[in-house]
Amino acid sequence: MADPNILQFAPFSSAVDAGFWHHFTQLKLDVLQLSEEPVSVYGSYVNTDPPGLPSRLCVEYDALNRTEASSKSYSALGTLINTNTVEEFRSRSKPDLLQTSAEQLWAAITSGSALEKPSVLASFLMFTFADLKKYHYYYWFAFPAFTLQKTFQLVRPPQSLATALSSQQISSLLSACASPGSEVDPGFFTVVQSGTEYTLHPLKDYPQLRTAAQGTEKEIYLGFSDPSTLPQNPGWPLRNLLTLVALKWSKESPLHKILCLRVRTKNGEKDGSYGLLVEVDLAGLVDCLSPTEMPPYLGWEKNERGKMGPRMVNLSANMDPTKLASSAVDLNLKLMMWRVAPELNLGIVRDTRCLLLGAGTLGCAVARCLMGWGVRNITLVDNGKVSYSNPVRQNLFTFDHCLNGGTHKATAAAEALKQIFPKVNSTGAVLSVPMPGHRVGESMLEQVREDVATLEKLVETHDALFLLMDSRESRWLPTLLGAAHKKLVLTAALGFDSFLVMRHGVRTSHKDGDTSDAATHTIPRGPIPGDMLGCYFCNDVVAPGDSTQDRTLDQQCTVTRPGMSYLAAAHVTELLVSILQHPDKGLAEAAVSEHGGASEGVLGPVPHSLRGFLGTHQLLTPASTAFQQCPACCDKVISAYRGEGFEFLLKVFNSSTYLEEVSGLSSLQQCVDDSQIWELSDEEDAGQ
């Protein structure tokens, strides 16, 4: 049983990113070749891990090129020694390797360079052999530390900061650590307490600050960022820090207080109460240490079986750069699940087959956002070609796509997605979407019939449809097909300084010719269920028609502020993901008022629509029910499409007034005209 009066430390456990071995392979092939000279390698550790995890010393994918840690980790300087054969790896004297590392550490402590660069106190050795034929990598870590003749004696058992400090003091300490200053190493430092206020200073200032604080109410602490998650045991770096303190600063004042800083995030706020306050008495070590004589040392890491020996990783299955890219994409998403959103279902997002109708400004931006969420199946539909004005706003195209008359946008965008991420299944379909009011002549009939059949097949084989075209009537046929096949349909449309993003209601049932469906009549008092939400056309009282006639150049192009497309693309993508993460999926209800009341999914409530106004920097989330006479999604229109198929569509293409007759809009308009006549008659009677 461990002596409670002796301070014990949690050893480091190595964690090597798979991407590191890919970079190391290139270094071995292109630079090191047969050289076995030591190579600098950069490690890092954190003090934010939850309970149950070991104290990890991480070697990231860029560890051979980095020069400093990220803002959320702490530096560990290492040395990598690679052998050319597995026999040399096995036979090389491990005590000699560790001795060399220990001598370098001892020299840094005795010379004072460790005070100028305290991160050397967390130094490590990485001994490796790389079998590049099989992509087998053998490695053994050493974290050198010194074993002294006498142990580190505790004045009292370690206390949690929640017990030792007030919440105000902990908050002040965290604030000081958040901005330590350029001269302070965030891994090892001096802490000065004055009442409830804390300030951080360089480690080398510790003895002077202790002397200056004598006779005052100030408390001076040693501080370090503690990677340990154990309740009574600080991390391995403290062992070397105390060796330095015992050698240099304990002859006259052997009692020291150490703040072991650990920070965890709870409900979005940092919590430092899990740290430790350790008080040690180093008087018994002063006579055991001499700058001229290095004490004994240890440090080799045990392998996964708990024995002294190396580890091996087999990366033959994923050393292909394409597979590494896939792992990296997944990693960024999976990090969300660690703390922020543990209930995220990334699989359903990845497997959703997305059909993007329009491969222009919106289509390119939405495709990039979808890939960022890990979507693997994307089809883009467009019949246009890349022009010289496109690449600056449409981020999947380059100048080369404009040459020789321009490349088709759909195929160019699909290929660009593969260049960005080779594992994406992206295809482009060069296709014209037939539109109401755009007459179809005899010479075009077969081509239009073929386009409709292709679009129908695309809708059937995809899960989510994005309507990203630049004209109102071009959205009609995809809206109808999405409603008829019960698909998720999302629309994004741009104005000069405004945008609309919305999801269409998902029809769960359909009754041919039945206009008494409750979904089209009943207006709920609270949130609107997903199968009662309206579509893009449900607020219209006229059928879509040809809006391209007699248009000037500014009316033919999408004239909008450049940032609008990115805002709309981000919102429509996030809207899809929010739908997929909701337990009711497309049937998720939408709140009518700002006060909400709608059920929430993993990513919060799912609005019906978002209307953004860049001029006033406003975002509104209105919701509306489906319209009984909607020219795109009402029962009568869906029934006519299912009953007549292409013949019905052809009539609509040749005359948008036919669509008004089928949907009942013409009857509604007549009722309005009649009521106006009666109102006029009443006024005439009243005036007589």
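So, how was this worked out
- Residues numbered from 1 in each chain as written.
- Predicted model: local features only at pLDDT ≥ 70, side-chain atom pairs only at ≥ 80, totals over all residues.
- Heavy atoms only, no water.
- UniProt positions renumbered as here; feature names shortened; annotations may be inferred.
- Pairing = 2+ DSSP bridges.
- Helix = DSSP H or I, 4+ residues; strand = E, 2+ residues; numbered from the N terminus.
- Patch = residues over 30% accessible without salt bridge, like charges linked within 9 Å, V, L, I, M, F, W, Y side chains within 5 Å.
- Areas by Shrake-Rupley, 256 points an atom, 1.4 Å probe, with all protein chains shown as cover.
- Salt bridge = Lys/Arg side-chain N within 4 Å of Asp/Glu carboxyl O.
- Buried < 20%, exposed > 50% of the residue type's maximum accessible area, 1.4 Å probe, protein only.
- pLDDT = per-residue confidence, 0-100.
- Contact = heavy atoms within 4.5 Å.
- Axes fitted to C-alpha atoms, helices over the stretch in contact; angles between N-to-C directions.
- Parallel < 35°, antiparallel > 145°, perpendicular 65-115°, else oblique.
- Nonpolar A, V, L, I, M, F, W, Y, C, P; charged D, E, K, R; others polar.

An unreviewed UniProt entry annotates the chain as Ubiquitin-like modifier-activating enzyme ATG7 of Petrolisthes cinctipes. Here the chain is described in UniProt, under the heading Sequence similarities (unreviewed entry), as follows: "Belongs to the ATG7 family." Database annotation for the chain, UniProt heading Subunit (unreviewed entry): "Homodimer."

*Asks:* An account of the pairing of strand β23 (residues 609-613) is requested, with residue identities and associated values reported.
*Replies:* Relative to β23, strand β22 (residues 498-503) runs antiparallel, the two being bridged by five bridges. In the strand pairing of β23, V501 is matched with L610. Pairing geometry for β23 and strand β24 (residues 618-620), over three bridges, is antiparallel. Note on β24: the bridge partner recorded for F613 is Q618. The hairpin turn running from β23 into β24, its antiparallel successor, is four residues long, and H617 in that turn takes a positive phi close to 55°.

*Asks:* Kindly report on a nonpolar patch on the surface, identifying the contributing residues and their values.
*Replies:* A contiguous nonpolar patch, built from Y388, F399 and L403 and spanning about 330 Å² of accessible area, is present on the exposed surface. Turning to its location among the elements, F399 is positioned in the loop between β18 (377-382) and α13 (409-420).

*Asks:* Go over the pairing of strand β5 (residues 124-131) with me, naming the residues and quoting the values.
*Replies:* Across the eight residues that make up β5, a large majority, eight, are buried. Burial of β5 is two-sided: the residues F124, M126, T128 and A130 facing one way and the residues L125, F127, F129 and D131 facing the other way are all buried. By the bridge criterion, six bridges tie strand β4 (residues 74-83) to β5 in an arrangement that is parallel. Residue N82 lies in a different strand from β5, and its bridge partner there is T128. In this antiparallel pair of consecutive strands, β5 and strand β6 (residues 136-146), the connection spans four residues, and Y135 shows a positive phi of 55°.

*Asks:* With reference to specific residues and values, describe unusual backbone geometry.
*Replies:* Positive phi outside glycine occurs at Y135, with the angle close to 55°. Within the secondary structure, Y135 is located in the loop between β5 and β6. The partly exposed category is assigned to Y135, whose relative accessible area is 30%. In the Ramachandran plot, H617 falls in the positive-phi region, its phi being about 55° despite a non-glycine side chain. Of note, H617 is situated in the loop between β23 and β24. Overall, the relative accessible area of 67% leaves H617 in the exposed class.

*Asks:* Help me get a handle on the confidence of the model for the chain, residues and values and all.
*Replies:* Across the chain, pLDDT averages 87, with 90% of residues at or above 70. Summarising per-element confidence for the chain, the mean pLDDT is lowest in helix α16 (residues 518-521) (45) and highest in strand β17 (residues 353-357) (97). Confidence drops under pLDDT 50 across residues 512-520; counting only partners more than four residues distant or on other chains, this segment forms 15 contacts. Here residues 552-556 is a poorly scored stretch, pLDDT under 50, and it has three contacts once near neighbours within four places are set aside; other chains count.

*Asks:* I'd like a description of the packing of helix α20 (residues 646-654) against helix α21 (residues 656-663), backed by residues and values.
*Replies:* In the contact formed by α20 and α21, the axes pass within 5 Å of each other and the chain directions differ by 125°. Relative to α21, α20 is oriented oblique. Where α20 abuts α21, its residues F648, K651, V652 and N654 lie against S656, Y658, L659 and V662. The residue inventory of the contact of α20 with α21, partitioned by class, reads five nonpolar, two polar and one charged.

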